[in-house]
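Now for the letters of each chain:
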Amino acid sequence: MADTFDVWRGAANLGLFLLGMHLLEQGLQGLGSKSLKQFLQRYTDSPLKGVMAGTGITAFLQSSSLVGLIVLAFVGAGILEMRNALGVILGSNLGTTITGWMLAVLGFKLDLAVFTEPMVAFGALAMVFLPAGKPPHFFASLLLGLGLLLMGLGALTSSLSLFAEQVDTSILRDQPLWMYVLGGALFTMLVQSSSVVMLLILSALHAGVIVVADALPVVIGANLGTTSTLLLGALGGGPDKHRVAYAHFVFNLVTAVIALAALPLLVYFIRQSLGVEDPLFTLVIFHSLFNLLGIAIFLPFIKPFVELLTRLAPDEQPSEQTTAFIQQVPSNVPDGAIAAVRKELVRLLVNGLRLNMYCFEIHTQAVFDKTAAALSAEPLRHVTVYE
């Protein structure tokens, strides 16, 4: 019975793996998100720095979707400029490839099974007895998540190996290229994480369920499918949030087209120039390579790209019945929400002063400094309410 593939056992191994991934992300987010606002403000004063910051933050948090949602909130609150936010978005696509590198090096090349049980034991006990919301609790979540992820990964790989031995997997091979891309995109939209999809592809590749030639277009599709998270997060938001979401989609769409067109050339470069034959490393190098290529193409054209996004999502006329900043930020990003409330209060104060100055025929530009220039440029539509 132990040598027979069992659907429920495979589903349980997959659930254990996904639970470990969730706890790992939860722990990393808790340990790193509090200083994220200061980090972004300090190290994203140019698009290039934004790319490096986005790469580093995503590699740490292990979720490009989470970083994208935080960028949406910070742009809506006015914390990040659009051009620098685009750099973070571009970098997040490269940062998410680090997950595959970690798995290829640690998950399959090193025998970490001896460490998984102690990690699960210490992590679970610490999560139960330590107070929630504190750094030690987040570290325990990270430890438990890593242990469960490695434990689930090993069991999942064994299940997939049995599946490959007992089930004819040839139906998964030699399909049209677009089917692999579409499958990767749809599955990523379903699980809302390209990192999870990448880990599953590497596991299937290691178990022999698929071959590397079929895995490469699936990764391209996963990159494209992850844009659905930001597109959903921008619904109901203002123009800036739409621009960030559109930028993420356009970048990944163009990068996917380039990766598909250059697929044989990139594979040749990896195998002949770099001398890589291992299918796992071929996959992760390809994933990083086409994202790096996309960044190199887009980065010099950030300014015209912003202009294009402005045309796709033009500024709306301000309404007296809605807020300008609060409505742009979800409540689950505290730093962005606090900044939005602060800027909203300043906006209300400025508009109150402007109304009084309008009554006394005092020109606003003679009073306001550059900090309030953007707010003072807002049309005084509320004057008509009082007339």
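Residues numbered from 1 in each chain as written. Predicted model: local features only at pLDDT ≥ 70, side-chain atom pairs only at ≥ 80, totals over all residues. Heavy atoms only, no water.

Q: I keep staring at the packing of helix α10 (residues 194-207) against helix α15 (residues 279-298) and nothing clicks. Help me out?
A: The geometry of a pair of packed helices is captured by two quantities: the angle between their axes and the separation between those axes. The geometry of α10 relative to α15 is characterised by a closest axis approach of 9 Å and an angle of 155 degrees between their N-to-C directions. Classified by the angle their axes make, α10 and α15 are roughly antiparallel. Crossing of α10 over α15 shows right-handed handedness. For the pair α10 and α15, the contacting residues are Met 198, Ile 201, Leu 202, Leu 205 and His 206 in the first and Pro 279, Leu 280, Leu 283, Val 284 and His 287 in the second. Its residues assigned to classes, the contact of α10 with α15 shows 8 nonpolar, 2 polar and no charged. (Axes fitted to C-alpha atoms, helices over the stretch in contact; angles between N-to-C directions. Helix = DSSP H or I, 4+ residues; strand = E, 2+ residues; numbered from the N terminus. Parallel < 35°, antiparallel > 145°, perpendicular 65-115°, else oblique. Left-handed = near helix turned anticlockwise from the far one by under 90°. Contact = heavy atoms within 4.5 Å. Nonpolar A, V, L, I, M, F, W, Y, C, P; charged D, E, K, R; others polar.)

Q: Help me understand the packing of aromatic side chains, please; the structure alone is not making it clear to me.
A: The description of an aromatic ring pair rests on the distance of the ring centres and on the angle between the ring planes. Taken as a whole, this structure holds 4 aromatic pairs when the rule is applied. An angle of 75 degrees between the planes, with centres 5.1 Å apart, marks the rings of Phe 251 and Phe 298 as edge-to-face. Pair noted here: Phe 251 is in helix α13 (residues 239-261) and Phe 298 is in helix α15, with a separation of 47 residues, a long-range link. For Phe 251, a relative accessible area of 0% corresponds to the buried category. (Phe/Tyr/Trp six-rings, centres within 6.5 Å; stacked < 30°, edge-to-face > 60°. Buried < 20%, exposed > 50% of the residue type's maximum accessible area, 1.4 Å probe, protein only.)

Q: Any chance you could explain a nonpolar patch on the surface here in plain terms?
A: Residues Leu 231, Tyr 246, Phe 249, Leu 253, Val 257, Leu 308 and Leu 312 make up a contiguous nonpolar surface patch of roughly 550 Å² in combined accessible area. The element best represented in the nonpolar patch is α13, accounting for 4 residues. The topology assignment puts Leu 308 in helix α16 (residues 302-312). Among the residues examined, Leu 308 registers a relative accessible area of 34% and is labelled partly exposed. (Patch = residues over 30% accessible without salt bridge, like charges linked within 9 Å, V, L, I, M, F, W, Y side chains within 5 Å. Areas by Shrake-Rupley, 256 points an atom, 1.4 Å probe, with all protein chains shown as cover. Salt bridge = Lys/Arg side-chain N within 4 Å of Asp/Glu carboxyl O.)

Q: What is the right way to read the confidence of the model for the protein from this model?
A: Interpretation of the predicted coordinates at a detailed level should be avoided for regions scoring low in pLDDT. Per-residue confidence for the protein averages 76 on the pLDDT scale, and 71% of its residues sit at or above 70. The weakest mean pLDDT in the protein belongs to helix α19 (residues 383-386) at 48; the strongest belongs to helix α14 (residues 263-273) at 92. (pLDDT = per-residue confidence, 0-100.)

Q: Please explain the environment of Ala 259 as it appears in this structure.
A: Considering the arrangement of structural elements, one finds Ala 259 in helix α13. Of the residues examined, Ala 259 reaches a relative accessible area of 1% and is grouped as buried. For the pair formed by Ala 259 and Asn 291, sequence separation is 32 residues and the distance between their alpha carbons is 8.6 Å. Filtering out sequence-adjacent residues up to four positions away, Ala 259 remains in contact with Ile 220, Leu 266, Phe 286 and Phe 290.

Q: Hey, could you run me through helix α9 (residues 177-191) in this one?
A: Turn by turn, an α-helix covers 3.6 residues, leaving residues three or four places apart pointing in a common direction. With 15 residues, α9 should reach 21 Å at 1.5 Å per residue; the first-to-last C-alpha distance of 22 Å fits that figure. Buried within α9 are the following residues: Tyr 180, Val 181, Gly 184, Ala 185 and Thr 188. Taken around the axis of α9, the buried residues stretch over an arc of 130 degrees, which confines them to a single face. Exposed and oriented more than 90 degrees from the buried face of α9 are Trp 178 and Leu 190. (Expected span 1.5 Å × (residues − 1). Arc of directions from axis to C-beta.)

Q: I'm lost on the nonpolar core in this one. Help?
A: Nonpolar side chains in soluble globular proteins tend to end up buried together. In this structure, Ile 201, Leu 202, Ile 210, Leu 216, Leu 283, Phe 286 and Phe 290 are the most contacted members of the largest nonpolar core, which totals 42 residues. Per-element tally for this core: the top contributor is α10, with 10 residues. By size, the runner-up hydrophobic cluster in this structure holds 33 residues, among which are Leu 40, Met 82, Val 244 and Ile 295. (Core = buried A, V, L, I, M, F, W, Y, C linked by side-chain atoms within 4.5 Å.)

Q: It is not clear to me how α10 should be interpreted in this structure. Could you clarify?
A: Taking 1.5 Å of rise per residue, the 14 residues of α10 would be expected to cover 20 Å, and the 20 Å separating its terminal C-alpha atoms lies within 8% of that figure. Burial analysis of α10 places 13 of its 14 residues in the buried class, the great majority of the element. Downstream of α10 by one or two residues, Gly 208 has phi in the positive range, about 85 degrees.

Q: How should I be thinking about the side chain of Asn 223 in this particular structure?
A: Positionally, Asn 223 belongs in helix α11 (residues 212-225). A distance of 3.1 Å separates the side chain of Asn 223 from the side chain of His 287, its partner in a polar contact. A distance of 2.8 Å separates a polar atom in the side chain of Asn 223 from a polar atom in the side chain of Asn 291. (Polar contact = N/O pair within 3.5 Å; in protein donor to acceptor, adjacent residues only side chain to side chain.)

Q: When you look at the packing of α13 against α15 in this model, what are you seeing that I'm missing?
A: Packing of α13 against α15 leaves a shortest axis separation of 9 Å and a crossing angle of 120 degrees. Viewed along their axes, α13 and α15 adopt a mutual orientation that is oblique. Where α13 crosses over α15, the handedness of that crossing is right-handed. Residues Val 250, Phe 251, Val 254, Thr 255, Ile 258 and Ala 259 of α13 form the contact with α15, whose own contacting residues are Phe 286, Phe 290, Asn 291, Leu 293, Gly 294, Ile 295, Ile 297 and Phe 298. Residues that form the contact of α13 with α15 fall into these classes: 11 nonpolar, 3 polar and no charged.

Q: Looking at this structure, how should I read the side chain of Asn 291?
A: Secondary-structure assignment places Asn 291 in helix α15. In this view, Asn 291 contacts Asn 93, Leu 94, Thr 97, Asn 223, Phe 251 and Thr 255; residues no more than four positions away in its chain are not counted.

Q: I keep staring at the environment of Ala 296 and nothing clicks. Help me out?
A: Along the chain, the position of Ala 296 falls in helix α15. By relative accessible area, which is 51% here, Ala 296 ends up exposed. Each C-alpha atom, one on Ala 296 and one on Leu 90, is 9.8 Å from the other, the two residues being 206 residues apart in sequence.

Q: Whenever I open this one, the environment of Thr 310 confuses me. Can you help?
A: Within the secondary structure, Thr 310 sits in helix α16. The exposure class of Thr 310 is partly exposed, given its relative accessible area of 31%. Here the side chain of Thr 310 touches Val 306 through a polar contact of 2.8 Å, landing on its backbone oxygen.

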